[in-house]
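# Survey of secondary and tertiary structure
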Amino acid sequence: QCRDSADMVGHYPENCYPNAGETLLHKEPRDWQVGNRLITGTEYTFEGYEHGHPVRHVVYNFLFAPGQGIVRDIKGVNKAAEDYQWRHFGAAQFQFVMDDSLSREARDGIFATLMGNDIGVLDALNDLKRK
């Protein structure tokens with residue numbers, strides 16, 4: 001979470017993980033159905049090294065920008081930052097980092113279970129969109 005939505009850029013996976021020495025292997029827009037809520041986001045696969053051995057992990061990522069609601073990527077946050085009346089409400093990012101060895105179905109199930117407990121919070125946040 002950042003108080004100024006423009007500050008999220010440095011924490012965005014495409015900037016953060018490579019700056020930490022990891023390589024982006026795959027990027028794909030994803031939509032996840034959790035209960036009656038559709039969450040739009042992006043799935044990333046990164047490769048890094050631990051103790052000299054390659055390690056791959058998958059990141060399920062989506063963001064929340066006041067005035068925009070749930071957004072797929074940093075473009076939605078940047079759009080919110082263009083409006084000085086909404087910029088200082090900040091932005092939030094949700095990252096779910098899982099081992100690459102899990103199947104997509106297993107990762108999706110874990111994501112749905114974890115998000116299912118907090119879907120009411122997302123609904124409340126999403127209702128803060130510009131009218």
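Residues numbered from 1 in each chain as written. Predicted model: local features only at pLDDT ≥ 70, side-chain atom pairs only at ≥ 80, totals over all residues. Heavy atoms only, no water.

## Remarks on helix 4 (residues 104–116)
To keep it simple, the criterion reads: Note on conventions: DSSP H or I runs of at least 4 residues are helices, E runs of at least 2 residues are strands, and numbering of each starts at the N terminus. One less than the number of residues in a helix, times 1.5 Å, gives the span that helix is expected to have. Using a 1.4 Å probe on the protein chains alone, a residue whose accessible area is under 20% of its type maximum counts as buried, one over 50% counts as exposed, and one in between counts as partly exposed. Picture the helix axis, draw a direction to every C-beta atom, and the arc is the one those directions span.
Its 13 residues place the ends of helix 4 18 Å apart at the C-alpha level, agreeing with the 18 Å of an ideal helix rising 1.5 Å per residue. All of the buried residues along helix 4 are Arg-107, Phe-111 and Met-115. Down the axis of helix 4, the buried set is contained in an arc of 60°. They therefore lie on one face. Seen from the open side of helix 4, the exposed residues pointing more than 90 degrees away from its buried face are Glu-105 and Thr-113.

## Things to note about the confidence of the model for the protein
Which entries qualify depends on this criterion: pLDDT measures how confident the predictor is about each residue, on a scale from 0 to 100.
Mean pLDDT over the protein works out to 83, with 79% of the residues at or above the 70 mark. Per-element confidence in the protein is highest for strand 1 (residues 23–34), whose mean pLDDT is 95, and lowest for helix 3 (residues 84–87), whose mean pLDDT is 64.

## Quick notes on the pattern of salt bridges
Note the threshold: Only one rule defines a salt bridge in this text: a Lys or Arg side-chain nitrogen within 4 Å of an Asp or Glu carboxyl oxygen.
Under the counting rule described, the total for this entry stands at eight salt bridges. In this structure, Arg-104 engages Glu-28 in a salt bridge whose closest nitrogen and oxygen atoms are separated by 2.8 Å. You can see Arg-104 sitting in helix 4 and its partner Glu-28 sitting in strand 1, a full 76 residues away along the chain. For Glu-28, a relative accessible area of 23% gives the class partly exposed.

## Considerations on the nonpolar core
Under the convention used in this document: Within this scheme, the nonpolar core is defined by two criteria: the residues are buried Ala, Val, Leu, Ile, Met, Phe, Trp, Tyr or Cys, and they are joined through side-chain atoms within 4.5 Å. Here a residue-residue contact requires only that any non-hydrogen atoms of the pair lie within 4.5 Å.
If you look at the biggest cluster of nonpolar residues, it comprises 13 residues, and the most contacted ones within it are Ile-39, Tyr-60, Phe-62, Phe-96, Phe-111, Met-115 and Leu-122. Residue assignment for this core shows that the elements contributing at least two residues are strand 1, strand 3 (53–65), strand 5 (92–99), helix 4 and helix 5 (119–126). In terms of residues, this core owes the most to one element, strand 3, which gives three residues. Setting aside anything within four residues of it in sequence, one finds Ile-39 in contact with Arg-30, Asp-31, Trp-32, Val-34, Phe-62, Ile-70, Phe-111, Met-115, Ile-119 and Leu-122. Membership of the second largest hydrophobic core comes to 11 residues, among which are Tyr-17, Tyr-44, Ala-65 and Ile-74.

## What to know about the pairing of strand 1
Put simply, the rule is: Any two strands with at least two DSSP bridges between them are considered paired.
Two strands pair when backbone bridges link them, and strand 1 and strand 2 (residues 37–50) are joined in this way by 11 bridges, in the antiparallel orientation. Residue pairing for strand 2: Asp-31 is matched across the bridge by Thr-40. From the end of strand 1 to the start of strand 2, which pair antiparallel, there are two residues, and Gly-35 there has a positive phi angle of about 60°.

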